[in-house]
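Secondary and tertiary structure notes
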Amino acid sequence: QVQLVESGGGLVQPGGSLRLSCAASGSIFNINAMGWYRQAPGKQRELVATKSSGGYTNYAEAVKGRFTISRDTANNTVYLRMNSLTPEDTAVYYCNAEITTRWFAPPANYWGQGTQVTVSS
């Protein structure tokens, strides 16, 4: 079994900052990419940022220059530093990881339970 546990969401004023964390645990052989997605009310889930095991990063256009993704590979943890937040960033943020649970097994996608980020004055 693999678990992804997120933390760090909350209420913040426009222009403020938050840092999200997500720790993967369980039967993990290898983690490829880790990343963050978000889903606002009435909208589809969308990519925010991902980071591969090789260090390649990918950001949504809407967050480039404001959000930074980082990984602590030794502790199977991914972070999302969010600066200059706007009300449009309000959403449930989900952690995602592509994980292999044993040698020669194909990787599978795992999701966290989500953490609410609300940007409001």
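Refer to the structure presented above.
Bear in mind that the values here come from a model prediction, so they are computed numbers and not experimental data.

1. A few points about the packing of aromatic side chains
Under the criterion given, the structure shown has 3 aromatic pairs. The structure contains a cluster of three or more aromatic residues connected by ring pairs, namely Phe 29, Trp 103 and Phe 104. It is Arg 45 that lies over the ring of Tyr 94; its NZ or CZ is 3.7 Å from the centre. One cation-aromatic arrangement involves Arg 45 over Trp 111; the distance from NZ or CZ to the ring centre is 4.6 Å.

2. Considering the environment of Gly 9
Its location among the elements puts Gly 9 in the loop between strand S1 (2–7) and strand S2 (10–12). For Gly 9, a relative accessible area of 32% translates into the label partly exposed. The spatial distance from the C-alpha of Gly 9 to the C-alpha of Tyr 56 is 25 Å, given a sequence separation of 47 residues. When near neighbours in sequence (up to four residues on either side) are disregarded, Gly 9 contacts Leu 20, Thr 115, Gln 116 and Val 117.

3. Thoughts on the environment of Lys 43
Relative to the helices and strands, Lys 43 resides in the loop between strand S4 (30–39) and strand S5 (46–51). When the C-alpha atoms of Lys 43 and Gly 65 are compared, they prove to be 23 Å apart, with 22 residues separating the residues in sequence.

4. A closer look at unusual backbone geometry
Note: most peptide bonds trans; most residues except glycine with negative phi. Unusually for a residue other than glycine, Asn 76 sits at a positive phi of about 50°. Following the sequence through the fold, Asn 76 ends up in the loop between strand S7 (67–72) and strand S8 (77–82). By relative accessible area, Asn 76 is classed as partly exposed at 24%. For Ser 84, which is not a glycine, the phi torsion comes out positive at approximately 50°. For Ser 84, a relative accessible area of 40% gives the class partly exposed.

5. Overview of the pairing of S5
Where S4 meets S5, 5 bridges bridge the pair, whose relative direction is antiparallel. Bridge pairing in S5 links Met 34 to Lys 51. Linking two consecutive strands that pair antiparallel, namely S4 and S5, is a turn of 6 residues; a positive phi of about 75° is found at Gly 42 within it. Pairing between S5 and strand S6 (residues 57–59): 3 bridges, direction antiparallel. Counted as the bridge partner of Thr 50 is Asn 58 from S6. In sequence, S5 turns back onto S6 through a hairpin of 5 residues, with Gly 55 there showing a positive phi of about 100°.

Definitions and cut-offs
- Residues numbered from 1 in each chain as written.
- Predicted model: local features only at pLDDT ≥ 70, side-chain atom pairs only at ≥ 80, totals over all residues.
- Heavy atoms only, no water.
- Phe/Tyr/Trp six-rings, centres within 6.5 Å; stacked < 30°, edge-to-face > 60°.
- Lys NZ or Arg CZ within 6 Å of the ring centre and 35° of its normal.
- Helix = DSSP H or I, 4+ residues; strand = E, 2+ residues; numbered from the N terminus.
- Buried < 20%, exposed > 50% of the residue type's maximum accessible area, 1.4 Å probe, protein only.
- Contact = heavy atoms within 4.5 Å.
- Pairing = 2+ DSSP bridges.

All we've got here are geometric facts, nothing functional implied.
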